[in-house]
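# Commentary on secondary and tertiary structure
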Amino acid sequence: MFRHYITTALRNIKKNKTSFFINLIGLSLGLASAFIISSYVLKETSYDKFHSNKDRIYRVIGDNNEVGWSSPGVPYIIKENIDQYVPAVEKSCLTNYLYMAKVKQGEEFVPFRRLHATNKEFFDIFDYNLIYGNLDEALSNQNSLIITKTTADKYFPNENPVGKIMEVSIGPKTFHLKIDAVIEDYPPNSSFKFNALCHYDIALNYYESQPWSANFRNEWHLNFSRMYILLKEKNPGLFQEAWNLFEENNNLSKQNLHYYLQPLTDIHLNSAHLVNDGTRGNKNNIYLFSSIAFFILIVAAFNYIILSISISKMRYKEIGIKKIIGSHGSLIKKQFFTESILITLIAFPVAYLFTVLGIDYINQFFNLSLEINILKNINQLITFLLLLIVLGLISGSYIAFYASRLNPLEIIKFKFENQNKKARFQYIMLLFQIMVFTGLTGASLSIYNQIRFIKNIDTGINLKNKFVVNLDDITLNQTSYQKLHKVIRDIPEIKNFATGVYMPPENSRQVQSAPDPNNPAKNIIYESEFISHNYFNFFDIKCIKGRLFNPALQTDSSKIIINEKASKVFGFKEPIGEKINGMEIIGMVNDYHTHSLHEETAPTIYGLIPHKYIFAIGIEYHPGLANISANKIKKGIQQLFPEAGVNVTFVEDKINAMYSDENNLNKIISFFSLFAIIIALIGIFGQSLFAVKQQFKEIGIRKVNGATTKDIVYHFLKKYFILCVIANIISWPVVYIIVNNWQDRFIYKSPVNIWIILITFFITVLIVLASVLTNAWKASKTNPVHVLQYE
């Protein structure tokens with residue numbers, strides 16, 4: 001029987017080649033889109049699941065209620081207390097990213113990327129694949145080093161590096177580290193990435209050598225480490241109960257500190273609320289992209305249904321005869337389901353080929369790292385096959401159930417009472433398809449408009465023609481600062497400069513607190529920025545009250561300037577002369593946005609920066625001379641400080657980085673909107689083609705009665721124009737709600753733009769009518785004599 005189903009299906013494919021090829025293209029594109037999106041979802045949801053103890057591994061998260069932040073940063077002192085007072089913990093380890101590390105290569109030191117300090121317990125908690133060496137004694141002393149295969153291939157190509165020495169500088173000290181082992185790199189779906197691991201004491205020595213962190217071992221607020229623990233059993237409640245008791249007994253609550261656990265497998269997609277955690281995934285994007293994949297598959301399935309309905313009349317006699325000779329409705333259903341699944345099976349290799357050939361371009365365009373290989377990735381294979389089966393069943397469902405219910409006598413006589421119902425259902429599916437790409441197009445244009453709006457809004461600060469130079473491993477003093485000042489001033493392409501701990505736009509921040517003048521028992525949280533005298537003039541920030549810093553007045557080093565928000569928060573009616581933490585206010589500037597527009601302007605206090613804390617230089621260049629000035633200043637600083645790390649970042653790039661998620665989201669929606677449009681148009685073209693064929697006699701009668709070409713074309717286009725109008729009317733309220741909710745992440749929202757609605761409507765009408773016009777035009781040009789002979 002199954003062989004009969006296949007034979008019949010192949011005969012029908014051969015008989016209806018046009019319908020088959022239209023379905024093949026639509027289903028292939030729909031599957032290719034779903035393959036790409038599902039691969040992204042699979043990767044994002046697979047982070048850290050390769051560890052055998054993944055269900056018992058947790059990361060420690062700290063709440064600092066004083067500043068209202070949650071962070072993965074923990075202090076060094078927490079480990080010994082957890083190990084001692086929390087019996088639920090089997091193993092624990094600290095990690096610390098040594099961003100300042102450099103390794104000797106040839107005669108000079110170069111940055112050593114992704115060097116982390118940790119404890120030997122790291123290898124008891126996490127899985128690893130050993131290539132060379134022995135991990136039994138790894139990280140048991142300060143001179144031990146573990147490297148990944150990538151690092152080994154880079155510094156010791158084609159050899160076993162175990163026992164070799166790598167000369168590594170960490171700040172002012174240099175260490176001769178012996179390679180004890182080489183391990184495989186962690187896969188891309190790891191939330192913890194490293195190129196090498198060294199003993200934690202190296203990080204400890206570095207921080208204790210710094211004046212601001214000399215008490216690194218005992219200070220709870222010096223939270224520069226990460227901590228991972230392995231529980232004895234999967235019950236984080238036991239940890240929390242014991243740790244809460246420790247916090248209560250040791251008065252941590254009075255320091256506004258609280259610590260809790262985050263499952264390892266939650267780190268990638270559930271860390272959006274954490275500060276200082278680097279780039280992570282977005283759980284909302286998983287839902288969004290899954291929804292887009294679903295709608296694209298539905299559009300592709302509806303294409304099949306629409307075309308099946310369009311050509312079903314040609315198969316009425318076949319169905320009627322089968323029913324008369326005894327075929328049950330279930331057998332008819334199986335026949336049509338077999339045909340739909342067969343066509344999707346034929347579409348599968350085409351879709352897979354599209355995906356494999358296009359994935360490199362997708363990765364480059366969306367800044368992703370997806371890999372498509374169903375032979376190596378069993379999860380991909382299973383997911384792709386499930387998508388294939390679901391698409392096949394959805395595609396064949398309507399026509400299978402519809403055909404199985406037909407009355408054989410009505411079939412033979414060609415008398416159907418539900419033809420109008422069938423046509424209405426066909427147009428409802430067309431309407432849904434148009435709604436999908438109308439909604440995606442409208443959402444894409446709205447997101448683009450919001451991004452353009454926030455990039456062009458007046459943020460109270462002038463960032464035009466500027467870039468930022470970040471300095472690593474340089475501690476300036478009066479003499480070295482004067483030399484640096486001369487280097488910058490001697491570059492003619494540079495118009496002006498200012499210095500600070502960091503330069504806007506920047507999402508990093510320094511937070512402090514001060515007693516509320518109206519309620520001394522309460523602390524007010526504010527941001528502090530340390531800047532040079534000319535900072536405000538450099539960024540065209542206006543002084544509203546008082547004065548700015550004066551380089552001629554040495555006493556200004558103990559004075560502060562505040563912004564409008566700080567004045568309101570502290571309740572100052574006249575801020576000049578008031579004091580915050582004992583420092584006198586000499587001026588007030590207008591509010592401006594240092595951080596992204598996802599956040600409101602924070603109350604901010606500005607003080608003059610000592611030379612030794614200058615880590616960033618803001619440079620204003622003459623128009624058109626950006627690259628020349630950047631190259632010259634980088635070269636000049638490196639000549640002055642050969643050991644320095646100098647990074648130049650243009651303001652435009654920093655702004656784009658702040659809104660990278662939004663830009664990427666817009667690109668993805670736009671890309672798959674195009675797919676949805678193409679798939680829907682293929683279906684609309686096919687439906688209009690068969691609709692024209694089925695109305696040849698009506699067309700002939702109209703032409704005999706005097707209808708012109710214009711009348712015939714208008715007759716066909718009118719239906720689709722009405723569908724476009726209805727689709728836009730239904731889609732836009734949904735788009736508005738979704739986009740408005742998405743805009744809640746921004747302080748400023750672009751208003752509803754009537755032009756976006758009109759442009760979306762124009763695009764919809766233009767594309768839909770253009771796809772129908774060819775078939776309508778051909779029908780209008782048919783000789784009525786020949787038409788009346790049709791059928």
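Residue numbers run consecutively from 1 along every chain, following the written order of its sequence. Note on the predicted model: pLDDT of at least 70 is required for a residue's local features to be given, and 80 or more for side-chain atom pairs to be given and counted; whole-chain, interface and lining totals, by contrast, use all residues. Hydrogens and water are ignored here; the side-chain numbers use all heavy atoms of the structure.

Moving on: the pairing of strand β1 (residues 57-64). Within β1, eight of the eight residues are buried, leaving the element largely enclosed by the surrounding structure. Of the strand pairs in this sheet, β1 and strand β12 (residues 226-231) are connected by three bridges, and their pairing is antiparallel. Its bridge partner being in β12, R59 is matched across the sheet by Y228. Two strands pair if DSSP finds at least two bridges between them. Here a helix means four or more residues in a row that DSSP labels H or I, a strand means two or more in a row labelled E, and each is numbered from the N terminus. Bridge count between β1 and strand β2 (residues 69-71): three bridges; the pairing is antiparallel. Paired with N64 across the bridge in β2 is W69. The classification of residues rests on relative accessible area computed with a 1.4 Å probe and restricted to protein chains. Under 20% of the type maximum is buried, over 50% is exposed, and intermediate values are partly exposed.

Here, a salt bridge means any side-chain nitrogen of Lys or Arg that lies within 4 Å of a carboxyl oxygen of Asp or Glu. Counted by the stated rule, this structure contains 16 salt bridges. The partner of K164 in a salt bridge is E159, and the shortest N-O contact between them spans 3.4 Å. For K164, a relative accessible area of 34% gives the class partly exposed. Here E574 and K545 are joined by a salt bridge, their closest N and O atoms 3.8 Å apart. Of this pair, E574 sits in the loop between α16 (564-570) and β20 (579-580) while K545 sits in strand β18 (residues 543-546), placing them 29 residues apart in sequence. The exposure class of E574 is partly exposed, given its relative accessible area of 44%.

Okay, the packing of helix α14 (residues 478-489) against helix α17 (residues 626-640) next. Their axes nearest at 10 Å, the elements α14 and α17 cross at an angle of 150°. By the angle class used here, α14 and α17 are roughly antiparallel. For the element pair α14 and α17, the recorded crossing hand is right-handed. Of α17, the residues touching α14 (which contributes K483, L484, V487 and I488) are I633, G636, I637 and L640. Split into classes, the residues belonging to the contact of α14 with α17 amount to six nonpolar, one polar and one charged. Whenever a helix is involved, its axis is fitted only over the stretch in contact; in every case the axis is a line through C-alpha atoms, and angles between N-to-C directions fall within 0 to 180 degrees. Working definition: roughly parallel below 35 degrees, roughly antiparallel above 145 degrees, roughly perpendicular at 65 to 115 degrees, and oblique for all remaining angles. Here is the rule for handedness: rotate from the far helix to the near one, and if that takes an anticlockwise turn smaller than a right angle the crossing is left-handed, while a clockwise turn gives right-handed. Contacts are assigned to residue pairs that have any heavy atoms within 4.5 Å of one another. Residues are grouped as follows: nonpolar covers Ala, Val, Leu, Ile, Met, Phe, Trp, Tyr, Cys and Pro; charged covers Asp, Glu, Lys and Arg; every other residue, Gly included, is treated as polar.

Moving on, we get to the packing of aromatic side chains. Note on ring pairs: Phe, Tyr and Trp rings are taken, using the six-membered ring of Trp, and paired if centres are within 6.5 Å. Classes follow the plane angle, with under 30 degrees stacked, over 60 edge-to-face and the rest tilted. For the structure shown, the criterion picks out 45 aromatic pairs. For the ring pair F721 and F761, a centre distance of 6.1 Å and an interplane angle of 75° mean the geometry is edge-to-face. Highlighted residues: F721 in helix α21 (residues 709-743) and F761 in helix α22 (residues 754-780), separated in sequence by 40 residues. Taking relative accessible area as the criterion, F761 reaches 26% and is therefore assigned partly exposed. Taken together, the ring pairs in this structure connect F50, F122, F123, F126, Y128, Y186, F192, F194 and Y228 into an aromatic cluster. Directly above the aromatic system of F538 lies the positively charged group of K466, at a separation of 5.1 Å from the ring centroid. In this analysis the charged atom, NZ for Lys or CZ for Arg, is taken to sit over a ring once it is within 6 Å of the ring centre and within 35 degrees of the ring normal. The lysine or arginine in question, K667, covers the ring of F365, its NZ or CZ lying 4.9 Å from the ring centre.

A separate point is the side chain of H116. Within the element layout of this structure, H116 appears in strand β6 (residues 115-118). A relative accessible area of 9% places H116 in the buried class. Pairs of N or O atoms within 3.5 Å make up the polar contacts considered here, provided that, within protein, one atom can donate a hydrogen while the other can accept it, and that residues adjacent in sequence are counted only when both atoms are side-chain atoms. At a separation of 3.4 Å, a polar atom in the side chain of H116 contacts the main-chain carbonyl oxygen of K193. Aside from chain neighbours lying at most four places away, what touches H116 is N96, Y97, F192, K193, F194, A196, L197 and C198.

Now for the pairing of strand β17 (residues 519-531). The sheet contact formed by strand β16 (residues 511-516) and β17 spans six bridges and is antiparallel. When the sheet's bridge partners are listed, P515 is paired in β17 with N523. Connecting β16 to the antiparallel partner β17 that follows it, the hairpin turn spans two residues. Note that β17 and strand β22 (residues 604-608) share five bridges and pair parallel.

Glancing now at the nonpolar core. Here, nonpolar core means buried Ala, Val, Leu, Ile, Met, Phe, Trp, Tyr and Cys residues that are tied together by side-chain atoms lying within 4.5 Å of each other. Grouped together as the largest cluster of nonpolar side chains are 81 residues, with contacts concentrated most on L31, I292, I434, I684, Y720 and V768. Where this core is concerned, the elements lending two or more residues are α2 (17-44), α8 (283-311), α10 (329-366), α11 (378-404), α13 (419-456), α19 (660-694), α21 and α22. Among residues more than four places away in sequence, those in contact with L31 are L297, T344, A347, F348, A351, L387, L388 and L391. Grouped together as the second largest cluster of nonpolar side chains are 52 residues, V60, I147, Y200 and F239 included.

So, about the confidence of the model for the protein chain. Chain-level pLDDT for the protein chain is 84 on average; 86% of the residues reach the 70-or-more range. Scored from 0 to 100, pLDDT records how confident the predictor is in each individual residue. The low-confidence segment residues 414-418, where pLDDT is below 50, has nine contacts with residues more than four positions distant or belonging to other chains.

Moving on to helix α6 (residues 200-208). Those residues of α6 that fall on the buried side of the exposure criterion are Y200, I202, A203, L204, Y206 and Y207. Against β3 (89-97), β6, β9 (165-170), β10 (173-183) and β11 (196-199) lie the buried residues of α6.

Moving on: unusual backbone geometry. Trans is the prevailing form of peptide bonds, just as negative phi is the prevailing case for residues other than glycine. Here the amide bond leading from P504 into P505 is cis, since omega sits at 0°, within 30 degrees of zero. For P505, the position within the fold is in the loop between β15 (494-500) and β16. Even without a glycine there, the phi angle at D48 is positive, about 70°. Summarising the element assignment, D48 is placed in the loop between α2 and β1. Residue D48 is classed as buried on the basis of its relative accessible area, which comes to 2%. With a phi angle near 60°, L139 is a residue other than glycine that sits in the positive phi range. Mapped onto the fold, L139 is located in the loop between β7 (130-133) and β8 (144-148).

On the secondary structure map, Y186 appears in the loop between β10 and β11. Spatially, the C-alpha atoms of Y186 and D127 are 9.2 Å apart, while their sequence positions differ by 59 residues. Sequence-distant contacts of Y186, defined by excluding residues within four places in its chain, comprise F50, H51, F122, F126, D127, Y128, F192 and F194. In this structure the side chain of Y186 is engaged in a polar contact, spanning 2.6 Å, whose partner is the backbone oxygen of D127.

Inspection of the secondary structure puts R745 in the loop between α21 and α22. Along the chain, R745 and L597 lie 148 residues apart, while their C-alpha atoms are 8.5 Å from each other. Contact partners of R745, with chain neighbours within four places excluded, come to N282, L597, H598 and E662.

To continue, consider the packing of helix α3 (residues 77-85) against helix α7 (residues 236-249). Where α3 contacts α7, the axes come no closer than 10 Å and their chain directions differ by 115°. For α3 against α7, the interelement crossing comes out right-handed. Where α3 approaches α7, its residues I78, N81, I82 and Y85 are matched on the opposing element by F239, A242, W243 and F246. Each residue belonging to the contact of α3 with α7 can be placed in one class, and the counts come to seven nonpolar, one polar and no charged.

Mapped onto the fold, I267 is located in the loop between β13 (257-263) and α8. Taking the C-alpha atoms as reference points, I267 and F192, 75 residues apart in sequence, are found 9.6 Å from one another. The residues contacting I267, other than those within four sequence positions of it, are R59, S191, Y228, Q262 and R280.

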